[in-house]
Amino acid sequence: METPLTVLLLGIVALLIALLARTPQQSHTAYRLGQIERRLQLVMDHLGVQDPNPVPVEVREHLARGDKIKAIATYRKLTGADLRTAKAAVESFAAPR
């Protein structure tokens, strides 16, 4: 009885260690991607280029139904953005123009 529990515990510990080991790289990648997107937006603004439809279709559908929370969750899933960035983006999409 103790052997299966020990193996299970060791498996869980190994999984947690693997998850914690990947986090810094993912954070760095997300940070760099955010910087690249910001710089690209600056270049587009400078050149006067506008994205005709920057809102992903799934996010637009949720906003059309009035489901802002699902729109934010979908935006995060599609873009990999953090919660604050996704909320700001979705709110800017939903704002009247």
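Everything discussed here concerns the structure shown above.
To keep things clear, this report deals only with the structure shown in the data block. (Residues numbered from 1 in each chain as written. Predicted model: local features only at pLDDT ≥ 70, side-chain atom pairs only at ≥ 80, totals over all residues. Heavy atoms only, no water.)

The next point concerns the nonpolar core. In this structure, Val-55, Val-59, Ala-71, Ile-72, Tyr-75, Ala-81, Ala-86, Ala-89, Val-90 and Phe-93 together form the largest nonpolar core, which totals 10 residues. Contributing elements (two or more residues each) for this core: helix 3 (68–79) and helix 4 (83–94). The element best represented in this core is helix 4, accounting for four residues. Leaving out residues up to four positions away in the same chain, Tyr-75 has contacts with Pro-56, Val-59, Gly-80, Ala-81, Ala-86, Ala-89, Val-90 and Phe-93. (Core = buried A, V, L, I, M, F, W, Y, C linked by side-chain atoms within 4.5 Å. Buried < 20%, exposed > 50% of the residue type's maximum accessible area, 1.4 Å probe, protein only. Helix = DSSP H or I, 4+ residues; strand = E, 2+ residues; numbered from the N terminus. Contact = heavy atoms within 4.5 Å.)

The next subject is helix 3. Between its first and last C-alpha atoms helix 3 spans 16 Å; for 12 residues at 1.5 Å apiece the expected length is 16 Å, and the two agree. Of the positions making up helix 3, those classed as buried are Ala-71, Ile-72, Thr-74 and Tyr-75. Each buried residue of helix 3 sits inside an arc of 165° when the element is viewed along its axis, so together they form one side. Opposite the buried face of helix 3, by more than 90 degrees, sit the exposed residues Ile-69 and Lys-77. Where the residues of helix 3 are buried, they touch helix 2 (57–64) and helix 4. (Expected span 1.5 Å × (residues − 1). Arc of directions from axis to C-beta.)

Without other data, these values stay purely geometric and don't point to any function.
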